[in-house]
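# Observations on the model geometry
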Amino acid sequence: MFDVFRDLDFRPVDLVDIGLVAFFIYWILHLIRGTRAVYMLVGLVVAVSMYWLSSFGELYTVNWILSNFFGSLFLVIVVIFQDDLRRMLTRIGHTQWIYSLGPSQENQVIEELVKTSVSLANKKIGALIVLERDANVTEYVDVGITLDAVVSKELITSIFLPTSPLHDGAIVLQKGRLTAAGCFLPLTMNPSVGVEVGTRHRAAIGLTEETDSVAIVVSEEKGWISLVVDGRITKGLDGAALRKMLIKYVQPQVTPLRRLWAQWTRPKPEQT
């Protein structure tokens, strides 16, 4: 079997080397998935492509500019991805690679959020609820009050009551649990957002511009329910519309890896 590797001057240990590099690249892509770093990475790939095309096309000026740019590539990467690198280093050893909520648990969380949002909207109590997807939002959780509780209408309502000391901040849901409350989110800097948009909506837009999270906003002035995804707001939702959008954006897709994990962790039926 290993005669082929000897003929090709290829050692079995090289497979380990290649596998580790591939795993590292996958891990980096997994960490930046759903964040703005993805678009920055695409821009770097385009710049590299232009560099090689300018070399073959004899575009000397373009090639000279790009060659000087790539001469400081390491510094450029550190500057561009400084926030992502900081988050990555703080999350080493804490990443869960395979995780999936069961369909019943996922549906239960969505139903609790729908009932809570409708109830708060009817009472005109403002709320901001963040649901983490692929991009990690732990940096915003760290500045809030840690809870790690089951998602329930009663708990969320008590947090956003005007008399609660945490009602001005956002609550964050991670992996189907309410992990923190009183969290402060980055406000959007988008000039196209009108002045009539309140602070909660601006915070929801700002976070969903930076990550792929989903945010539910309940307006205390108009009693509207809004859903914010990718910096875009859908206003005036009722319970049915909110449920439909949450199922679309929050429920995980059944990938082969998730399906395999579900098969491994499925309890075996008792034999009689």
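Small disclaimer: the values here were computed from a predicted structure and weren't measured.

## So, a nonpolar patch on the surface
- On the surface, V21, F24, I25, L29, L41 and V45 cluster together into a nonpolar patch covering about 520 Å² of accessible area.
- The set of elements that each furnish at least two residues to the nonpolar patch consists of α2 (12-32) and α3 (37-56).
- The element that contributes the greatest number of residues to the nonpolar patch is α2, accounting for four residues.
- Tracing the chain through its elements places V21 in helix α2.
- For V21, a relative accessible area of 45% translates into the label partly exposed.

## Brief notes about the side chain of S117
- Relative to the elements of secondary structure, S117 occurs in helix α7 (residues 103-123).
- By relative accessible area, S117 is classed as buried at 0%.
- A polar side-chain atom of S117 sits 2.7 Å from the main-chain carbonyl oxygen of L113.
- Residues in contact with S117, not counting those within four places in the same chain, are I129, I216, V218, I225 and L242.

## Section: unusual backbone geometry
- Even without glycine at this site, K124 takes up a positive phi of about 55°.
- Tracing the backbone through its elements, the reader meets K124 in the loop between α7 and β1 (127-131).
- Despite not being glycine, K175 shows a phi value in the positive range, around 55°.
- When you line up the elements, K175 lands in the loop between β3 (170-174) and β4 (177-183).

## A short note on the sheet that holds strand β2 (residues 145-150)
- Taking strand neighbours across the sheet as the criterion, the seven strands line up as β2-β4-β3-β1-β5-β6-β7 in an open arrangement whose pairing is mixed. Looking at the sheet topology across the chains shown, the edges are occupied by β2 and β7 (232-234). For this sheet, the mean angle separating the axes of adjacent strands, direction not counted, is 25°.
- Judged from the four bridges that link them, β3 and β4 form a sheet pairing that is antiparallel. Across the sheet, residue Q174 finds its bridge partner in β4, namely R177.
- Against the sheet, helix α10 (residues 199-210) makes contact with β1, β5 (214-218), β6 (225-229) and β7, and its axis sits at roughly 175° relative to β5, the strand it touches most.
- Along the sheet, helix α11 (residues 239-250) makes contact with β1, β5, β6 and β7, crossing β6 at roughly 15°.

## Looking at the confidence of the model for the protein chain
- For the protein chain, the average pLDDT comes to 78, and 73% of its residues sit at 70 or higher.
- Note on residues 268-272: pLDDT is under 50 here. Beyond four places in sequence and across chains, it has zero contacts.

## Structural notes on the pairing of β3
- Of all the five residues making up β3, five are buried; the element is thus mostly covered by neighbouring parts of the structure.
- What you see with β3 is no split at all: A170, V172 and Q174 on one side and I171 and L173 on the other are buried throughout.
- Bridge count for β1 against β3 is three bridges, and the pairing is parallel. Looking across to β3, one finds that V130 is bridged to V172.
- Hairpin geometry of β3 and β4 is characterised by an intervening segment of two residues between the two adjacent antiparallel strands and by a positive phi of about 55° at K175.

## Quick look at the pattern of salt bridges
- What the rule picks out here adds up to six salt bridges.
- Between R243 and E111 there is a salt bridge, and its shortest N-O distance comes to 2.7 Å. Here the residue R243 occupies a position in helix α11, and E111 occupies one in helix α7, the gap between them amounting to 132 residues.
- On the basis of relative accessibility, which here comes to 31%, the residue E111 falls in the partly exposed class.

## Here's the deal with the environment of G206
- The topology assignment puts G206 in helix α10.
- In this structure the C-alpha to C-alpha distance between G206 and T188, which are 18 residues apart in sequence, comes to 3.9 Å.
- Excluding anything up to four places from it in sequence, G206 contacts P186, L187 and T188.

## Section: helix α9 (residues 153-160)
- Within α9, burial applies to I156, T157, I159 and F160. On an axial view of α9, the arc spanned by its buried residues comes to 160°, and they lie on one face.

## A look at the environment of L147
- The residue L147 is located in strand β2 in this model.
- Overall, L147 belongs to the partly exposed group, its relative accessible area being 33%.
- Distance in space between the C-alpha atoms of L147 and A181 is 7.1 Å, their sequence separation being 34 residues.
- Apart from the residues lying within four places of it in its own chain, the contact partners of L147 are I159, L178, T179, A180 and A181.

Cut-offs applied
- Counting of residues starts from 1 at the beginning of each chain's written sequence and follows it residue by residue.
- Reporting of local features is limited, given that this is a predicted model, to residues whose pLDDT is at least 70; pairs of side-chain atoms are given and counted only at 80 or more, and all residues count toward the totals for whole chains, interfaces and linings.
- Side-chain calculation: all heavy atoms of the structure are included, whereas hydrogens and water are not.
- Within this analysis, patches are made of residues with over 30% relative accessible area and no salt bridge. Like charges are joined at 9 Å or less; nonpolar side chains (Val, Leu, Ile, Met, Phe, Trp, Tyr) at 5 Å or less.
- Only the protein chains shown count as covering a residue, and every accessible area follows the Shrake-Rupley method with a 1.4 Å probe.
- Salt bridge, as used here, is a side-chain nitrogen of Lys or Arg placed within 4 Å of a carboxyl oxygen of Asp or Glu.
- Working definition: helices are DSSP H or I runs of at least four residues, strands are E runs of at least two. Numbering for both runs from the N terminus.
- To sort residues, take the accessible area from a 1.4 Å probe on protein chains only and compare it with the maximum for the residue type: under 20% means buried, over 50% means exposed, and anything in between is partly exposed.
- Each polar contact in these results corresponds to two N or O atoms within 3.5 Å; when the atoms are within protein, one needs to be able to donate a hydrogen and the other to accept it, and residues that are neighboring in sequence are counted only if both atoms are side-chain atoms.
- The contact definition used throughout considers only heavy atoms, calling two residues in contact when any of these lie within 4.5 Å.
- When DSSP finds at least two bridges between two strands, those strands are taken to pair.
- Between N-to-C directions, angles cover 0 to 180 degrees, with each direction set by a line fitted to C-alpha atoms, over the stretch in contact for helices.
- Known as pLDDT, the predictor's confidence for each residue is given on a scale from 0 to 100.
- Think of it as the arc spanned by the lines of direction from the helix axis to the C-beta atoms.

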